[in-house]
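# Structure assessment
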Amino acid sequence: MSVTRDKLDHLRDILELAAEPAGETGIAKRKSKGIPSARERVHMLLDPGSFVELGALVRKPGGGEAMYGDGVVTGRGYIDGRPVVVISHDQTVYGGSVSEMFGRKVGAAMEFAFNNACPVICVNDSGGARIQDGVTSLAWYATMCRWQEDLSGYVPMVAIMLGKCAAGSVYGPINMDVLVATEDSYMFVTGPEVIKAVTGSEVTAEELGGAQALQANGTVHHVAATERDAFAWVRDYLSYLPTSCLEQAPVLNPGLEPEITGADLELDRFMPDSDKVGYDMHDILLRIFDDGAFHELAAGSAQNLITGFARVDGRPVGVVANQPLVLGGALDAACSDKAAYFIRLCDAFHIPLIYVVDTPGVLPGVDEERNQVIKRGGRMFRALIEATVPIVTIVTRKAYGGGYAVMGCKQLGADFNFAWPTARLAVMGAESMVSIVGRKQLAVTPPDQRAAVRAQMIDFYNATVATPWTAAERGYIDAVIEPSRTRLEIRKALRLLRDKSATRRPNPRKHSLFPM
């Protein structure tokens, strides 16, 4: 018994040391920064009592001073009762830097996620490669990236950036599906000191790679005020996704409000009389989905386009909607990237797409042309064409030019297209049409009559060309519906499409070429 007792005491001593590898020094470091430990972060994220740690006693072999865990905590647990794999950097151990044993632990965690088809969440707080390990660290970076490619589109992957994410550590988060950050975190390949030494330029960490800057350029999908807020956002995000592409997303409270409600009826008097008056598209979205719930993705970038998740009849859907309050809802290069990625995310996990359309088309301008709006807009086209999930489109007002096509038209793959009576579907708006088609007629019109003739031409165009009736007559939309029936029509359409096949027509090619 004494031998067993001694071994148990030894085990408890090791586990106690492994739980706080950096000892009092690590505790003091966290206290000075006001941050929780890597394990505390995991427990904040997961369902209480569900975390099972794997590899707590891993450390560099042959090193007498080597710390347990080697800078990363890995394991599995549950979120809302569904399994996930968690990887959490421990910045108190070698700055959370990547080494061979670190890489082996992360690789094993990702392999577990692959074999068991469950999401991966990585809590990032790392200084990058462990300089002392040289090429060994770089090799394991590459190995981890390879695992991410295997998991991409197979299981949901979420990166949470807390604190520092520098050098090679940036490529892990950016190759996951969604990147969430806290306000005081930052990420860059080379820091301000290196940039100053090499180029002479001076820039702060916040300007270079602060969370707000990264959100504005579309690198970060959500910025949270605190770590708890970040974890809550991730939990909510995962509630809209399946555990893998082999399953369907969870269904919550189906069958609610089967008849037209007061909120539905508000849509019948919602649209402004003038095409030039803006409105907040969120006011429509909260009325056409279950419980008014909407989980927005990338809300801080390209705000002329809204992307996010909602539920229809209890089932998750992805939403792509124009925002008339920003650039009039026009499409630009940045929002094209945002939409293309979101469409492919939804398609990978069998989540139907709902387009809500009010756009004057592509934003004109020299800057946009130089920003490769053609190429980047082409990605948005291709993402829609390649999607095999059910697609339903609602045109609320304008659907002009390329905006008509890329915002879920039937010819690019939408299954059901509906329009409100206020919809206008045409090559361009009436004012632009008059400037081109009516230019010669206006030139020969007496100056004192031009304004009246111009107004007549605009009214005629809007009444006879840019109407939903013309599109309905030719079958380009399936129905013109009362706005108050939108929620129920979407529900009926998705029920009909529930068994839509995900297969595409046979093609001998290896793969298509995306416009990159």
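Here's a quick rundown of the structure. Everything numeric here is computed off the predicted structure, so don't read it as measured data. Just so you know, the residues in each chain are numbered from 1, in the order the chain's sequence is written. Only residues with pLDDT of 70 or above have their local features reported here, since the model is predicted, and side-chain atom pairs are shown and tallied only from 80 upward, although totals for entire chains, interfaces and linings are computed over all residues. Think of the side-chain values as coming from all heavy atoms in the structure, minus any hydrogens and water.

## Details of empty space enclosed by the protein
A cavity here means a set of points on a 1 Å grid, drawn over the protein atoms and nothing else, where a 1.4 Å probe fits but cannot get out; a pocket is an open set with protein on both sides within 12 Å along at least five of seven lines, and a residue lines either one if it has an atom within 4 Å of a point. Grid points are joined across faces, edges and corners, and a volume is the space filled by probe spheres set on the points. Applying the stated criterion across every chain yields a total of four cavities of 30 Å³ or more. H89, C122, N124, M144 and G172 are, among the 16 residues lining the largest cavity, the residues nearest its centre. To qualify as a helix, a DSSP run of H or I must reach at least 4 residues; to qualify as a strand, a run of E must reach at least 2; elements of each kind are numbered from the N terminus. Counting only elements with at least two residues in the lining of the largest cavity, the list comes to strand 3 (82-89), helix 4 (100-116), strand 4 (120-126), helix 5 (135-151) and helix 6 (171-174). Ranked by residue count, the leading element in the lining of the largest cavity is helix 5, at four residues. Of the residues assigned to the lining of the largest cavity, the class counts are 11 nonpolar, five polar and no charged. When its volume is computed, the second largest cavity comes out at roughly 50 Å³. For the second largest cavity, the full set of lining residues is I79, R82, P83, V84, P119, L238, L241, P242 and T243. Take the lining of the second largest cavity: its biggest share by element is three residues, from strand 3. Taken together, the residues of the lining of the second largest cavity break down into seven nonpolar, one polar and one charged. By the convention adopted, Pro, Cys, Tyr, Trp, Phe, Met, Ile, Leu, Val and Ala count as nonpolar, Lys, Arg, Asp and Glu as charged, and the other residues, Gly among them, as polar.

## Quick word on the packing of aromatic side chains
Only Phe, Tyr and Trp rings are paired, with Trp represented by its six-membered ring, and only when their centres lie within 6.5 Å; those with planes under 30 degrees apart are stacked, over 60 edge-to-face, the remainder tilted. Here the structure, examined in full by the defined rule, presents nine aromatic pairs. Geometrically, the ring pair formed by F309 and F342 is tilted, given 5.2 Å between the ring centres and 55° between the ring planes. Of this pair, F309 sits in strand 10 (residues 305-312) while F342 sits in helix 13 (residues 333-348); the two residues are 33 residues apart in sequence, bridging distant segments of the chain. The exposure classification of F309 matches that of F342, with both residues buried. Ring plane angle 10° and centroid distance 6.1 Å describe the contact between F416 and F418, whose orientation is recorded as stacked. Through a chain of ring-to-ring contacts, the aromatic side chains of W233, Y237, Y240, F309 and F342 assemble into a single cluster. For a lysine, the NZ atom is tested; for an arginine, the CZ atom; a charge sits over a ring if that atom is within 6 Å of the ring centre and within 35 degrees of the ring normal. Between the NZ or CZ atom of R311 and the centre of the ring of Y240, over which it lies, the distance is 4.0 Å. We call a residue buried when its accessible area falls under 20% of the maximum for its residue type, exposed when it is over 50%, and partly exposed in between, using a 1.4 Å probe and counting protein chains only.

## Quick notes on the pattern of salt bridges
The salt bridge definition used is simple: a Lys or Arg side-chain nitrogen within 4 Å of an Asp or Glu carboxyl oxygen. In the structure shown here, the tally under the stated rule is 23 salt bridges. We note a salt bridge from D275 to R424, for which the minimum N-O separation is 2.6 Å. Residue D275 is located in the loop between helix 11 (262-266) and helix 12 (281-288), and its partner R424 is located in strand 15 (residues 424-426); the two are separated by 149 residues in the primary sequence. Given the relative accessible area of 19%, R424 is considered buried. Shared partners join several salt bridges into a network, and the residues in it are R41, D125 and E227.

## Digging into the pairing of strand 14 (residues 416-419)
At least two DSSP bridges between two strands are required for those strands to pair. The pairing of strand 13 (residues 391-400) with strand 14 spans four bridges and is classified as parallel. When the sheet's bridge partners are listed, V392 is paired in strand 14 with F416. Handedness rule for crossovers: strands pointing away from the viewer, path from the first strand over the helix to the second running clockwise, crossover right-handed. Crossover strand 13 to strand 14 through helix 16 (residues 401-406) is right-handed. In this sheet, strand 16 (residues 479-480) lies alongside strand 14 in parallel orientation, the contact comprising two bridges. Each residue of the ladder has a partner; that of A419, found in strand 16, is V480.

## What to know about the environment of L17
Locating L17 in the fold gives a position in helix 1 (residues 2-19). What makes L17 partly exposed here is its relative accessible area of 44%. Taking the C-alpha atoms as reference points, L17 and M67, separated by 50 residues in sequence, lie 8.8 Å from one another.

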